[in-house]
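Single-letter residue listing:
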There are 2 protein chains.
Amino acid sequence: MSRQEIPYKIYLKESEMPRQWYNVRADMKNKPAPLLNPATHKPMTEEELGAVFCDELVKQELDDTDRYIDIPDEIRDFYRMCRPSPLVRAYCLEKKLDTPAHIYYKFEGNNTSGSHKLNSAIAQAYYAKKQGLKGVTTETGAGQWGTALAMACSYFELDCQVYMVKVSYEQKPFRREVMRTYGAKVTPSPSDTTAVGRKILAAHPGTGGSLGCAISEAVETAASKQGYRYVLGSVLNQVLLHQSVIGLETKAALDQYGIVPDIIIGCAGGGSNLGGLISPFMGEKLRGEKDYRFIAVEPASCPSLTRGKFAYDFCDTGMVCPLAKMYTLGSGFIPSPNHAGGLRYHGMSSTLSQLYHDGYMEAVSVEQTAVFEAAEQFARVEGILPAPESSHAIKVAMDEAMKCKETGEEKNIVFGLTGTGYFDMVAYQKFHDGQMTDYIPTDEDLQKGFDGIPCFPGNEF
Amino acid sequence: MSRQEIPYKIYLKESEMPRQWYNVRADMKNKPAPLLNPATHKPMTEEELGAVFCDELVKQELDDTDRYIDIPDEIRDFYRMCRPSPLVRAYCLEKKLDTPAHIYYKFEGNNTSGSHKLNSAIAQAYYAKKQGLKGVTTETGAGQWGTALAMACSYFELDCQVYMVKVSYEQKPFRREVMRTYGAKVTPSPSDTTAVGRKILAAHPGTGGSLGCAISEAVETAASKQGYRYVLGSVLNQVLLHQSVIGLETKAALDQYGIVPDIIIGCAGGGSNLGGLISPFMGEKLRGEKDYRFIAVEPASCPSLTRGKFAYDFCDTGMVCPLAKMYTLGSGFIPSPNHAGGLRYHGMSSTLSQLYHDGYMEAVSVEQTAVFEAAEQFARVEGILPAPESSHAIKVAMDEAMKCKETGEEKNIVFGLTGTGYFDMVAYQKFHDGQMTDYIPTDEDLQKGFDGIPCFPGNEF
């Protein structure tokens, strides 16, 4: 189909929206390794996981055989309100780059949470409500996940308790207010509402907190309150399952115009967006039906896939959560203070880690000033102010488009634009003022993190 | 057509998007009164207006006979990137209110400027570029218009100089950074870059500035710099013309499903959104083809239509701009400091003022705590965080829906959701913390503003 016939934005009709999530694990020969009980090093049972997570979500977490899982009507109703998201043809960017490549992006930022996180938040809230729970707890750093969960809980009239890293709570009061608008209770972490919080406050008075500490407080609260469970916005298999709606819509939109992507690019922190975007395409590759290049883009300052170890590690710095086998920088790893955006998790989804390990996916790391340069160029021609996280994918999509310019190839490049940067203007300001710097950890820096990866038989790396 | 068959969101196809703007003045028997030269009290000539505004825009400003005006291809290309905006069926709000009314809203917030302002900004930037100008100047208060203009100028590679009210510049650094991302030069007003700015700084050291002062600085800069013109985001006839794209899309979407609105509601500051939304429907009413109720909603603290005078007045507090005949509170009127949102302009579009004066439109005023209550309720069920301005229309749409509940009428209510509230979280915080107050000016308060309306023969009120 010629260039002119493809519209700027492809919106699926409501009737064309996915009715089932796609579970990529069903098509993997090498399944992602199971979560382990940190005390026994044995696979977590359904019962053990049920103490922390909702029952139905535990089933989804452990299900690596069902290829498709029905999306309940109540969730589809919500998706109809916030979705479909547009698949955008980046005509203006192509023109600016003067590239023969055709660039498409799936834009997940046109909802009030500002990102794709809502796709899983609504599913997790639904199953909590269906189980008759009173509420859920979670942690949030920059606030995208907390905002999404607050919206989802408000929709299902579920109590929502968010532990927000204290330094973010103070520096990002607007994110906090959005969550409050949706009725969430937002507590700066560490707090005196939990034993772990009080312990940390006693040991480190005046600390700004960390994501690991906020996870520990959220898990403790969920475990100690009747009718509450803990929910998480990335890393887990269930999250990738829900996020497959991104990839399914993308594929349906491309199929309508007969477009076959050559390269699919996503930013990667814990893997929620990347996993969701590539899943249906990866399924085709795993089944030997088609071939695609998949590129995970991570920050050079937090390079879990490109420089991490493939091993069992703790999911949180508090070491209270199960062990997951993944590419990891060690649960004690924290990106240097000059790191502006998200994508700061020390590990990576077990599913994506396995796929990367098995050679189905590539990974590259990029430095943040180059990422913000790409973000600004994109914003000016495409009219969307991207989140710093999303801009990692933009940077590599532009790089690949420029390679096409050299070779003259008309490749179809698809990338995930996960969200908007309205709450990240402090980082943009640093960039404008020339105060943004890059940082690549040395091997010695990384070794400190690796030293914290637990040692036990079968966990050699 | 039954309830179920209407989707949550109606998106026009690109091929269905408007190719012409609609000029409501062509269908008005009583044309809006012409702008007057403040010195001579004679109608501003094309030549006089051309010293301040772009030539093509002057023509559009003065054209009250051509019903349709072609949208140039270059502008339609941009519209294809940022539009169409969805017409949303508020199923969740209807359910929450338990009303038989069918509620629809045209959502203009899904672009980086966060509002409908972009529709006119791109047109004004295009005509400036086409005229071979180097750049444009403008003022901005809260920053929606400035952001939109920065985006538009970036697209056409035009210099953009924004005078931002100093108190906003300091209190809303994120808006400023969005504008900088798009390459705009943002100057806090009053500044030492203009004669009028220096004069005000000398008289009032440490002042936070005002919109009127920022207008004066922007006009002075445009007039004194070779290759520059001044542009404005509301009030003017040309702005209503460009914004008619909102109403045309709304009408096309409703027509596809055979929906005839009973009531059309819009918030009203200077009239840019309201005028754009209602124009094509108003045209049918003016031509006697259909009847609709139109409701303008304004803040009780800045009630130009409901309590103002219909008279010639200055468009700016600096009294350097032409006189416009409009409903006005006097160019010296400033809403009380507790007024949180926009919609703080002292006057109203001449076109809308005339239509209101002739009885084609109703107007109501609402208090801001009630507006924020409606905003929060809307956000929680519809998943969109509305701008305070837009929430005025939400409030009255909800009121009308509740009246339908009493009477059992299945009315079709359409309102304009002009934008998002991401940069208004300080106001939301005040509301959450119970610190938001209401204010209704007394007759004595208003009289002070009326005293500033110029007295000359024919301007009795």
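Bear in mind that the values here come from a model prediction, so they are computed numbers and not experimental data.

Q: Can you tell me about the packing of aromatic side chains, naming the residues and giving the values?
A: In this structure the tally under the stated criterion is 39 aromatic pairs over all chains. With centroids separated by 5.8 Å and ring planes inclined at 50°, the aromatic side chains of Y126 of chain B and F156 of chain B adopt a geometry described as tilted. Here Y126 of chain B, found in helix 5 (residues 118–130), pairs with F156 of chain B, found in the loop between helix 6 (144–155) and strand 7 (159–165); they are 30 residues apart in sequence, far enough to count as distant. Between F281 of chain B and Y292 of chain B, the ring centres sit 5.4 Å apart and the planes meet at 85°, which makes this aromatic pair edge-to-face. Separated by 11 residues along the polypeptide, F281 of chain B in helix 12 (residues 272–286) and Y292 of chain B in the loop between helix 12 and strand 11 (293–299) bring together distant segments of the chain. Y292 of chain B matches F281 of chain B in its accessibility class, with the two residues each being buried. Following the ring pairs from residue to residue traces out a cluster consisting of F78, Y126, Y127, Y155 and F156 of chain A.

Q: I'd love a proper account of the sheet that holds strand 14 (residues 362–366) of chain B, names of residues and values included.
A: Residue and element names in this part refer to chain B. Strand order across the open sheet formed by 7 strands is 1-4-5-15-10-11-14, with mixed pairing between neighbours. For this open sheet the edge positions go to strand 1 (9–10) and strand 14, each flanked by a neighbour on one side alone. Direction of pairing for strand 10 (residues 263–267) relative to strand 11: parallel, over a ladder of 5 bridges. Following the sheet pairing, G266 is matched in strand 11 by A296.

Q: Pulling in residues and values, what's your account of the packing of helix 3 (residues 73–82) of chain B against helix 5 of chain B?
A: Residues and elements named next belong to chain B. Running from N to C, helix 3 and helix 5 point in directions that differ by 150°, and their axes come no closer than 10 Å. Here helix 5 runs roughly antiparallel to helix 3, going by the angle between their axes. Between helix 3 and helix 5 the crossing geometry is right-handed. Where helix 3 approaches helix 5, its residues E74, I75, F78, Y79 and C82 are matched on the opposing element by L118, N119, I122, A123, Y126 and Y127. Of the residues assigned to the contact of helix 3 with helix 5, the class counts are 9 nonpolar, 1 polar and 1 charged.

Q: Go over unusual backbone geometry, please, and point to the residues and values.
A: Backbone torsion omega between R83 of chain B and P84 of chain B reads -5°, so that peptide bond is classified as cis. For the peptide bond that leads from S189 of chain B to P190 of chain B, omega is 5°, which places it in the cis range. Examined against the element boundaries, P190 of chain B turns out to sit in the loop between strand 8 (185–189) and helix 9 (195–203). Although it is not a glycine, D98 of chain A sits at a positive phi angle of roughly 55°.

Q: Just give me the short version of the interface of chain B and chain A, but keep the residues and values in it.
A: Residue-level contacts link 44 residues of chain B with 44 residues of chain A. Note on chain B versus chain A: buried area summed over both sides is about 4100 Å², and carbon and sulfur give 55% of it. Joining chain B to chain A, the criterion identifies 4 salt bridges. For the salt bridge of D433 of chain A with R180 of chain B, the shortest nitrogen-to-oxygen distance reads 2.8 Å. The interface formed by chain B and chain A includes 27 residue pairs in polar contact (both at pLDDT 80 or more). Secondary structure elements with two or more residues in the side of chain B that touches chain A: helix 3, helix 4 (91–97), helix 6, helix 8 (173–181), helix 15 (368–382) and helix 17 (425–432) of chain B. In terms of residue count, helix 8 of chain B provides more of the side of chain B that touches chain A than any other element does, 6 residues in total.

About the thresholds
- Residue positions are given per chain, counting from 1 as you read along its sequence in written order.
- Key to labels: chains lettered from A, ligands numbered from 1, both in the order written.
- Where local features are concerned, this predicted model is filtered to residues with pLDDT of at least 70; where side-chain atom pairs are given and counted, the filter is 80 or more; whole-chain, interface and lining totals use all residues.
- Water and hydrogen atoms were dropped before computing side-chain values, which therefore reflect all heavy atoms in the structure.
- Put simply, two rings from Phe, Tyr or Trp (the six-membered ring, in Trp's case) pair if the centres are within 6.5 Å, and we call them stacked under 30 degrees between planes, edge-to-face over 60, tilted for the rest.
- Note on conventions: DSSP H or I runs of at least 4 residues are helices, E runs of at least 2 residues are strands, and numbering of each starts at the N terminus.
- Relative accessible area decides the class of each residue, using a 1.4 Å probe on protein chains only: under 20% of the type maximum gives buried, over 50% gives exposed, and in between gives partly exposed.
- Here a strand pair is declared whenever DSSP counts at least two bridges between the two strands.
- Think of each axis as a best-fit line through the C-alpha atoms, taken over the contacting stretch in the case of a helix, with angles from 0 to 180 degrees between the N-to-C directions.
- Working rule for angles: under 35 degrees goes down as roughly parallel, over 145 as roughly antiparallel, 65 to 115 as roughly perpendicular, anything else as oblique.
- Should the near helix be turned counterclockwise from the far one by less than a right angle, the crossing is left-handed, whereas a clockwise turn marks it as right-handed.
- Contacts are assigned to residue pairs with any non-hydrogen atoms lying within 4.5 Å of each other.
- Each residue is assigned to one class: nonpolar for Ala, Val, Leu, Ile, Met, Phe, Trp, Tyr, Cys and Pro, charged for Asp, Glu, Lys and Arg, and polar for all the others, Gly among them.
- Accessible area, probed at 1.4 Å, shrinks when two parts are joined; the buried area is that loss added up over both.
- A pair is scored as a salt bridge if a Lys or Arg side-chain nitrogen falls within 4 Å of a carboxyl oxygen belonging to Asp or Glu.
- Any pair of N or O atoms that falls within 3.5 Å is considered a polar contact. Within protein, one atom must be able to donate a hydrogen and the other to accept it, and sequence-neighbouring residues count only if both atoms are side-chain atoms.

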